[in-house]
Amino acid sequence: MLLIRCPYCEEERPELEFRNAGEAHIARSADMAATSDDDFEKFFFIRSNPKGIIYERWRHMHGCARFFNAVRDTVSDRFLMTYKAGEPKPAKLPGASK
Amino acid sequence: MIAAFRIPGAGRLKQAETARFSFDGQSYAGVEGDTLASALLANGVHLVGRSFKYHRPRGFLSAGAEEPNALVEIKRDSARKTPNVRATVQELYDGLTAQSQNRWPSLSFDVSAVGDIASPLLSAGFYYKTFMWPKSAWKNLYEPKIRAAAGLGVAPDQPDPDHYSARYAHCDVLVLGGGAAGIASALAAAETGVRVILADEQADFGGSLRFESGAKIDGQDGFAWAQGAVATLKAMDNVRVLSRTTAFGYYAQNFVGLVERVSDHLQNPGRGLPRERLWQVRASRVVLATGAIERHMVFADNDRPGIMLASAARIYLNHYGVAVGRNVGVYTANDSAYAAAIDLKKAGVGVAAIVDLRDNPTGPVIDEARALGIEINFGRAVIRAGGKLRVSSMTVQPKNGGGERTIPVDAILMSAGWTPSVHLFSQSRGKVAFNDETKRFVPGTYAQDCVSVGACNGTDGLSATIDEAYSAGAKAAKEAAVKNAGANAAKGAKPKVDASESWSRGMLGAAPGAGADTTVKAFVDFQNDVTAKDIRQAVHEGMRSIEHVKRFTTNGMATDQGKTSNMHGLAIAAETLGKPIPQVGLTTFRAPYTPVTFGSIVGHARGPLFDPTRKTAIHPWAERQGAVFEDVGQWKRAWYFPKAGEDMHAAVDRECVTVRKTAGLFDASTLGKIEVVGPDAARFMELLYTNPWEKLEPGRCRYGIMLREDGFIYDDGVVGRLAPDRFHVTTTTGGAPRVMNHMEDYLQTEFPHLNVWLTSITEQWAVIAVQGPKSRDIIAPLVEGIDMSDEALPHMSVREGKICGVPTRLFRMSFTGERGFEVNVPADHGQAVWEALWAEGQKHGACAYGTEAMHVLRAEKGYIIVGQDTDGTVTPNDAGLDWAVGKKKTDFVGIRGMARPDLVAKGRKQLVGLKTKDPKVVLEEGAQIVGDPKQAIPMTMIGHVTSSYWSENCGRSIALALVAGGRDRMGETLYVPMPNGTIEVEVTGMVFFDEKGERLNG
Ligand SMILES: [Zn+2]
């Protein structure tokens, strides 16, 4: 069971309290109705599924109930960092594996 | 009376304290503290099982958890039957009843043992090729035959009456393994004051000190030192000591799963004790002190009962006081088996000969064996074992060929060397490294905060082990303390090793006589009946990766997970491939280390505790009325209320007719309810629902549709605007949690600029629907402060006031098509208000109705149920709900998805009504619809039935269906092919009753 640090509660808590909410940093267009078919496809269907670093959303479901972002290495399952929803993709990652 | 092979005065058990037990119906005497294995051996019983594939007679290979052969069924009573229990682990209690497995009709005569003749059919990869053709024979012939012949044990056929408990625990240092290394680490860590857990799978701590008669620590016999040290640890407040506890899985971030066997060793466990306890431990640091496992020698017929690991024979002698034979042979490739020969000889057991593959080894144990007069043969191999149900001889030959000599023996003790137990290290995702000099895999790169000490780390000798373990324990405590604040300097003294045994090396792979050009049955994996020849054959047939060899031969895939076999299998594969071992690679170790019961994993989460049951405030009333309930998610809902003599059909018909004639009361409390509050509440609603909300006046309601971003219907429900900044949203019963999550997601991440709060109020409000022409007459007398007239409270409006003196949110709305109300009251008052309304209703002849009548009544009106009439691929337009989509809106969730080319294309499946040509025929929900019933099979299916009922109010059956281009097919005849004939149907509109909707105000 993973330990995940909630950036709002500022605590590491067991995975059971959290729920994954898919890939992060996929922006919903401010002018959704005018989005082209291709752009909608990218927005709604295409996900990166990397072997390595993934940026994803989690919700502290059985805690503060906040959504936040996390950086996880899909090879080691290790969380490199978590940060609040709305914050930009971190420029530098702590202790990233190669 | 002392058993024949128990040596008076030997071992550590009190031989006077006997325990009776039975094996295969025969009664025996054992001693308190025995395992089933040691007790059987004390009685001279070696034959305890038949092998998996060939049904060969098998005995005990080991004295511990690595045992591949001696699997038995332990039976306490008719429900408590545990198959595949390792007799070497099962502790004896008075009255224990055990049975052998995988044999028929008896252990000594097993008709399936023709395997020896048929064995070419069962060679490596047999299930991939032997039974390839014809396909149907798999189901009817091969599989049943193989399943009957192969297999281990029989599953219990009754529910498990035992209970299992579970604990979470946190500690600074978790020490896994309670031998010399683990105890030394635990002592060093515990003395600093940090929280320590020490666990060992055996009943007694000590590990290899149980048999190493040559070990002396702090001036005491090694085993006695271990007991004293563990007693010291147990007395410390910061230490938890767990015996009979196996660490079976090492997971992310030092999360370790352990199973404690609490009562399997007790004669009368009592109801208060769980059978097992699952420990889920999160540790700052883990010390792995899991030891090493001795390997067997791979030679012809090395599986005969009586052939066992040398260290096992030492445990049986030195701990249990049992001799495994009277005239034993020893076959070895390293020093450790000499110690077994010496101990047995000293205890008065005859040692026929030591056969040592090495050419001219020297060392103190060899000198000692020689001094005791034991015959030693260097440079020789045992090329075959004689005997069938019990080994009777060993045939010896110079390892490079030459004359054979057969030596009579009744047991063979073997040792090919020791394999470090890196299972847990490997599960922690650490990478093992091959040491070319010692030919063993040892921990290499660590992935987690753990450290390996002693034999599992490839450290040889007791002194070096204690040094390493003690400093590792102290270091782990210090590191954990830095993290968790607070530890003292160690106070104690490092244990001093006065005498020890030491050995290393050995051999891997097949011994001479079982090499490349041979076809003998030299077993590598006993439990899965894999021989050296099978592994070579796998390579010859093209398997290159060890993972493929493993799957093709099943080597190491049995419940013992290849504890004794993996290294031999790897070495044989490497030799056949002509590659060095590290290039062929080790297979992955997976949890569990030893088999874990389902009970311990499930714990209390079974029966009523498996999933919470939710009941409404009105549930007790419905129960008293004799309602029949149905499960809707976690909810219990009243399905129908049968009167005496009524079946479901009659009850539902009566309920449906009564609602439309007078009125009915319905418990709608399970509806999901969410309060959307704040200055931007209306803007938020505009974005989450297809409908317009800004202009909805406070006090009015609207039917809302929620889409996902893909444009498909996600949920629906009536929403009341209580105030400009307050909406009372209802959702489907099953949809409440995900709708709340969906709303929170958008509010927190996409629309965080909106000033809105969301509160789940499902459990706060009980909801009583009162529907029917008399509904207002029933409610009005109980209501205060709300004008109930049609002008003041028209259809689709909401008012706050009081009913029966308690606050209410009174909705005028209808899911039946009748004049109707939904009375929301605080849940605590739900039952009282229901009973008051029920009393009023009785005056008008109203009934209580359940979910079935509710379904029929709404279908008569063509009202859809999301999740029944929609399936996640239905747009508002498909459902005929275009009117609910705000045409002037520029954004809402789903606005773009809904406009995708395929979602606006012609010919999509649309919701329509269906009337069977024969009004008495009720369609089956889910039935497929075709246009031409005469077409060839497979027919083109153009839709399916989503809802179908008998409608007593219409006097006929009614149905809703999704049909391709359905709204253009009005009046068309379509067909529903069923097993008993094809049903003709006519496509109609969705409203079957009161098409004009006049009854809403009737
Ligand atoms: Zn939180």
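The rules behind the values
Residues numbered from 1 in each chain as written. Chains lettered and ligands numbered in written order. Predicted model: local features only at pLDDT ≥ 70, side-chain atom pairs only at ≥ 80, totals over all residues. Heavy atoms only, no water. Helix = DSSP H or I, 4+ residues; strand = E, 2+ residues; numbered from the N terminus. Buried < 20%, exposed > 50% of the residue type's maximum accessible area, 1.4 Å probe, protein only. Areas by Shrake-Rupley, 256 points an atom, 1.4 Å probe, with all protein chains shown as cover. Lys, Arg positive; Asp, Glu negative; His and termini not counted. Charge placed at Lys NZ, Arg CZ, Asp CG, Glu CD. Contact = heavy atoms within 4.5 Å. Donors = N, O, S within 2.8 Å, 3.2 Å for Na, K, Ca; no water. Tetrahedral: all angles 85-135°; square planar, octahedral: opposite > 155°, others 65-115°. Core = buried A, V, L, I, M, F, W, Y, C linked by side-chain atoms within 4.5 Å. Domains from an automatic or database assignment. Pairing = 2+ DSSP bridges. Buried area = accessible area lost by both parts, 1.4 Å probe. Salt bridge = Lys/Arg side-chain N within 4 Å of Asp/Glu carboxyl O. Polar contact = N/O pair within 3.5 Å; in protein donor to acceptor, adjacent residues only side chain to side chain. Nonpolar A, V, L, I, M, F, W, Y, C, P; charged D, E, K, R; others polar. Axes fitted to C-alpha atoms, helices over the stretch in contact; angles between N-to-C directions. Expected span 1.5 Å × (residues − 1). Arc of directions from axis to C-beta. Phe/Tyr/Trp six-rings, centres within 6.5 Å; stacked < 30°, edge-to-face > 60°. Lys NZ or Arg CZ within 6 Å of the ring centre and 35° of its normal.

1. Considerations on the overall build of chain B
Step number 1: Secondary structure summary: chain B contains 23 helices and 51 strands in total.
Step number 2: For chain B, with 1002 residues in total, the buried portion stands at 59%.
Step number 3: Total accessible area on chain B stands at roughly 39,600 Å², and carbon and sulfur atoms take up 53% of it.
Step number 4: If the 112 positive side-chain charges of chain B are averaged to one point and the 111 negative ones to another, these points end up 2 Å apart.

2. As for the overall build of chain A
Step number 1: In terms of helices and strands, chain A carries one helix and six strands.
Step number 2: Taken from the N to the C terminus, the helices and strands of chain A come in the order β-β-β-α-β-β-β.
Step number 3: For chain A, the spread of C-alpha atoms along the three principal axes comes to 40 × 35 × 25 Å.
Step number 4: Every one of the 98 residues in chain A was classed for burial, and the buried ones make up 35%.
Step number 5: At a minimum sequence separation of 6, the contacts of chain A that also span at least 24 residues come to 44%.
Step number 6: Accessible surface for chain A amounts to roughly 5,800 Å². Of this, 49% is attributable to carbon and sulfur atoms.

3. Quick word on the coordination of the zinc ion
Each angle at a metal carrying four tetrahedral donors should ideally be 109.5 degrees, and each at a metal carrying six octahedral donors should ideally be 90 or 180 degrees.
Residue and element names in this part refer to chain A.
Step number 1: Taken together, Cys 6 (SG), Cys 9 (SG), His 60 (ND1) and Cys 64 (SG) make up the full set of protein donors to the zinc ion, lying 2.0 to 2.3 Å away.
Step number 2: Its four donor atoms give the zinc ion angles of 106 to 115° at the centre, a pattern that matches the tetrahedral case.
Step number 3: Sequence spacing of the donor residues for the zinc ion, all on one chain, is C-x2-C-x50-H-x3-C. Residue Cys 9 is located in the loop between β1 (3–6) and β2 (11–14), and its partner His 60 is located in the loop between β4 (53–59) and β5 (67–73); the two are separated by 51 residues in the primary sequence.
Step number 4: Looking at His 60, the relative accessible area reads 1%, which means it is buried.

4. Topic: the nonpolar core
Residues and elements named next belong to chain B.
Step number 1: Of all hydrophobic cores here, the largest spans 90 residues; its most connected members are Leu 36, Phe 60, Met 297, Tyr 316, Tyr 331 and Leu 413.
Step number 2: If you count residues domain by domain, this core takes at least three from each of domain 1 (1–127 + 134–160) and domain 3 (297–415).
Step number 3: Not counting chain neighbours up to four residues away, the residues in contact with Met 297 comprise Asn 302, Tyr 331, Thr 332, Ala 333, Leu 357, Met 414, Ser 415, Ala 416, Met 507 and Ala 511.
Step number 4: Counting residues in hydrophobic clusters, the runner-up holds 47 residues, among them Tyr 703, Cys 847, Met 854 and Tyr 949.

5. Structural notes on the sheet that holds strand β44 (residues 820–826) of chain B
Residues and elements named next belong to chain B.
Step number 1: Spatially, β41-β42-β43-β44-β40-β34-β45 is the arrangement adopted by the seven strands of the open sheet, whose pairing is mixed. If you trace the sheet from one side to the other, it starts and ends with β41 (783–784) and β45 (847–848), each paired once.
Step number 2: Sheet analysis places strand β40 (residues 765–771) next to β44, joined by seven bridges and oriented antiparallel. Opposite Val 770, over in β44, you have Phe 821 as the bridge partner.

6. Some details on the interface of chain A and chain B
Step number 1: Taken together, the contact pairs 27 residues of chain A with 28 residues of chain B.
Step number 2: Contact with chain B buries area across many residues of chain A, yet A:Met1, A:Arg28 and A:Phe67 alone supply 31% of it, more than any other trio.
Step number 3: Where chain A touches chain B, the interface holds four salt bridges.
Step number 4: A salt bridge links B:Asp745 to A:Arg57; its shortest N-O distance comes to 2.7 Å.
Step number 5: Along the contact surface separating chain A from chain B lie 14 residue pairs in polar contact (both at pLDDT 80 or more).
Step number 6: For the side of chain A that touches chain B, the secondary-structure elements that each account for two or more residues are α1 (37–44) and β4 of chain A.
Step number 7: Residue contributions to the side of chain A that touches chain B peak at four residues, all from α1(A).
Step number 8: By residue class, the composition of the side of chain A that touches chain B is 16 nonpolar, three polar and eight charged.

7. Points about the pairing of β4(A)
Residues and elements named next belong to chain A.
Step number 1: In terms of burial, β4 is largely enclosed, as six of its seven residues are buried.
Step number 2: Bridge analysis of strand β3 (residues 19–23) against β4 gives three bridges, and the strand direction is antiparallel. Across the sheet, Glu 23 pairs through a bridge with Glu 56, a residue of β4.
Step number 3: Inspection of the sheet shows β4 paired to β5 by seven bridges, in the antiparallel sense. Paired with Glu 56 across the strands is Ala 70, a residue of β5.

8. Notes on the environment of B:Met970
Step number 1: Tracing the backbone through its elements, the reader meets B:Met970 in the loop between β49 (956–964) and β50 (973–978).
Step number 2: The exposure class assigned to B:Met970 is partly exposed, which follows from its relative accessible area of 43%.

9. Regarding the sheet that holds strand β23 (residues 405–408) of chain B
Residues and elements named next belong to chain B.
Step number 1: One open sheet accounts for three strands, arranged β21-β22-β23; its pairing is antiparallel. If you trace the sheet from one side to the other, it starts and ends with β21 (380–387) and β23, each paired once. Averaged over all neighbouring strand pairs, the angle between strand axes comes to 30°, with direction disregarded.
Step number 2: Summarising the sheet, strand β22 (residues 391–398) and β23 pair through four bridges and their orientation is antiparallel. When the bridges of β23 are listed, Ser 393 appears paired with Pro 408.

10. Digging into the environment of B:His46
Residues and elements named next belong to chain B.
Step number 1: With respect to the helices and strands, His 46 occurs in the loop between α1 (36–42) and β3 (49–50).
Step number 2: His 46 sits in the buried class, given a relative accessible area of 3%.
Step number 3: Distance from His 46 to Gly 59, taken between C-alpha atoms, is 4.9 Å for residues 13 residues apart in sequence.
Step number 4: Among all residues touching His 46, those that are not within four sequence positions of it are Leu 41, Arg 58, Gly 59, Phe 60, Pro 305, Gly 306, Met 308, Val 324 and Arg 390.
Step number 5: In terms of polar contacts, His 46 uses its side chain to reach the backbone carbonyl oxygen of Val 324, at 2.9 Å.

11. Comments concerning helix α6 (residues 222–234) of chain B
Residue and element names in this part refer to chain B.
Step number 1: The terminal C-alpha atoms of α6, which comprises 13 residues, lie 18 Å apart, in line with the 18 Å expected from a rise of 1.5 Å per residue.
Step number 2: Those residues of α6 lying buried are Gly 222, Phe 223, Trp 225, Ala 226, Ala 229, Val 230 and Leu 233. Down the axis of α6, the buried set is contained in an arc of 155°. They therefore lie on one face.

12. Brief notes about the pattern of salt bridges
All names here are of chain B.
Step number 1: Taken as a whole and judged by the stated rule, the model has 60 salt bridges over all chains.
Step number 2: Salt-bridge contacts for Asp 359 lead to Lys 399; the nearest nitrogen and oxygen are separated by 3.3 Å. Taken as a pair, Asp 359 in the loop between β19 (350–356) and α9 (364–371) and Lys 399 in the loop between β22 and β23 lie far apart in primary sequence, 40 residues in all.
Step number 3: Judged by its relative accessible area of 47%, Asp 359 falls in the partly exposed class.
Step number 4: In this structure Lys 399 comes out as partly exposed when scored by relative accessible area, which is 28%.
Step number 5: In this structure, Glu 972 and Arg 969 form a salt bridge, with 2.9 Å as the shortest nitrogen-oxygen distance.
Step number 6: Look at the salt bridges and you will find they share partners, linking Arg 56, Arg 58, Asp 301, Asp 303 and Asp 529 into a network.

13. Remarks on the packing of aromatic side chains
Step number 1: Per the stated rule, a full pass over the model turns up 24 aromatic pairs over all chains.
Step number 2: Here the aromatic residues A:Phe40, A:Phe43, A:Phe44 and A:Phe45 are joined through ring pairs into a cluster of three or more.
Step number 3: The ring centre of A:Tyr8 lies 4.0 Å from the NZ or CZ of A:Arg66, which sits over that ring.
Step number 4: The side chain of B:Lys521 reaches across the aromatic face of B:Tyr54, ending 4.7 Å from its centre.

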